[in-house]
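Fold and contact review
Here is what each chain is made of, one letter per residue.
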Amino acid sequence: MLHYFIVNPAAGTVNALPRLKAELEKIFKNRSDKYEVYETKFENDATMEIKRKLQERDETDPSLHVRIYSAGGDGTAYECANGVYGYQNVSFAILPTGSCNDFLKTFPDVDFNNLEDVVNADAYPLDVLKINDKICVNVCNVGYDAKANADCMRFRKKMKSIHNAYIRALVINLLKPLGDNIKMYDENNNLIYEGKSLLFTFGNGQYYGGGYRCAPLSITDDGLMDISVIKKVSRLTFLRLVGGYKKGEHVINYEKYKKVSFYTRCKKARVVSENMLTYCVDGEIFYAKELNVETIEHAFNFVMPKKQENQ
């Protein structure tokens, strides 16, 4: 097996590369399998490098199993997943060295921080979502929070504090006209939602946005996506409900929230809008008037260390 570590030096507050290299030297000192480390240099570099590496493997030694490690945040995991997708004899691991690793919150009893445990762990089938032509490991969110995220990325170029940029983006978007007029269809082309939505999500994982539990019942290997729509509400109602939304109450206590929310599960969905939609795929920002979303069952073999004891 080849262990291939993709490290984003810009993820998090400290460059994880020096510590990672020191640990890897100790771990692989007496092992027969090999490892390599690649440091990303620009946007989408991880995707291109993984495809290059796996194509090279297919041409020279297709029987060689390659384990790809994403060392960074959710954005790095997104790029790595889009590189891995479609290749055989590959497993995929995430090392949480970034400032935000929301996907791993779906597995609260698993410690992904012990590098040696991750290297030695087995891999298990994992679903992904395909959003138009993008692969999504965790969550695709559309609407208010995606627009705020887009503005936050823009403000970060001028503001030193990520937190301040995010707060400014939230406030500015709250003052703008709220809601996107959408139609949503399931895999049988049945209309399942029509009207204005403040935001909506497609969940493979449970958390996004730094800890918002948008899909608390989502299971990552059941072949289904969790769809949640928060309908257009007044600003005061939004501010009153946001705490419950963060905890996942809009799904867990659906009867209480069903006047302002919609929840369902399916394999495929299609969303159309007359206006351009802002959407995020694992935090990466895109724009489209139509979204075609599909669950790809058992698309990856995902590296999962053993659950912690006494949890």
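Presented here is an overview of the structure given in this document. Every value quoted in this text rests on a predicted model; they were computed, and no experiment measured them.

**With respect to the overall build of the protein chain**
Counting its regular elements, the protein chain contains nine helices and 13 strands. Each of the three principal axes of the protein chain carries a C-alpha extent, and together these read 60 × 45 × 40 Å. Across the 311 residues that make up the protein chain, the buried fraction comes to 51%. The contacts in the protein chain between residues at least 6 apart in sequence include a share of 73% that link residues at least 24 apart. Within the structure as shown, the protein chain displays about 15400 Å² of accessible surface, and the carbon and sulfur contribution to it stands at 49%. In the protein chain, 42 positive and 40 negative side-chain charges are present, and the distance between their average locations comes to 8 Å.

**Section: the nonpolar core**
Ranked by size, the top nonpolar core spans 30 residues in total, and within it Ile6, Ile68, Phe92, Phe103, Val137, Phe300 and Phe302 carry the most contacts. For this core, the element with the highest residue contribution is helix α3 (residues 74-84), accounting for four residues. Once residues within four sequence positions are removed from consideration, phenylalanine 103 is found in contact with Asp74, Ile94, Leu126, Val137, Asn138, Asn204, Gly205, Thr220 and Phe302. Counting 25 residues, the second-largest nonpolar core is a separate cluster that includes Cys136, Val142, Ile182 and Val281.

**Regarding the packing of helix α2 (residues 45-60) against α3**
Look at α2 against α3: their axes get within 7 Å of each other, and the N-to-C directions meet at 30°. In terms of orientation, α2 and α3 fall into the roughly parallel class. The element α2 and its partner α3 pack so that their crossing is right-handed. Residues Asp45, Ala46, Thr47, Ile50, Lys51 and Leu54 of α2 pack against Glu79, Cys80, Asn82, Gly83 and Val84 of α3.

**Digging into α3**
Where burial is concerned, most of α3 is hidden: ten out of the eleven residues are buried. Within α3 the residues assigned to the buried category are Asp74, Thr76, Ala77, Tyr78, Glu79, Cys80, Ala81, Asn82, Gly83 and Val84.

Criteria and thresholds
Residues numbered from 1 in each chain as written. Predicted model: local features only at pLDDT ≥ 70, side-chain atom pairs only at ≥ 80, totals over all residues. Heavy atoms only, no water. Helix = DSSP H or I, 4+ residues; strand = E, 2+ residues; numbered from the N terminus. Buried < 20%, exposed > 50% of the residue type's maximum accessible area, 1.4 Å probe, protein only. Contact = heavy atoms within 4.5 Å. Areas by Shrake-Rupley, 256 points an atom, 1.4 Å probe, with all protein chains shown as cover. Lys, Arg positive; Asp, Glu negative; His and termini not counted. Charge placed at Lys NZ, Arg CZ, Asp CG, Glu CD. Core = buried A, V, L, I, M, F, W, Y, C linked by side-chain atoms within 4.5 Å. Axes fitted to C-alpha atoms, helices over the stretch in contact; angles between N-to-C directions. Parallel < 35°, antiparallel > 145°, perpendicular 65-115°, else oblique. Left-handed = near helix turned anticlockwise from the far one by under 90°.

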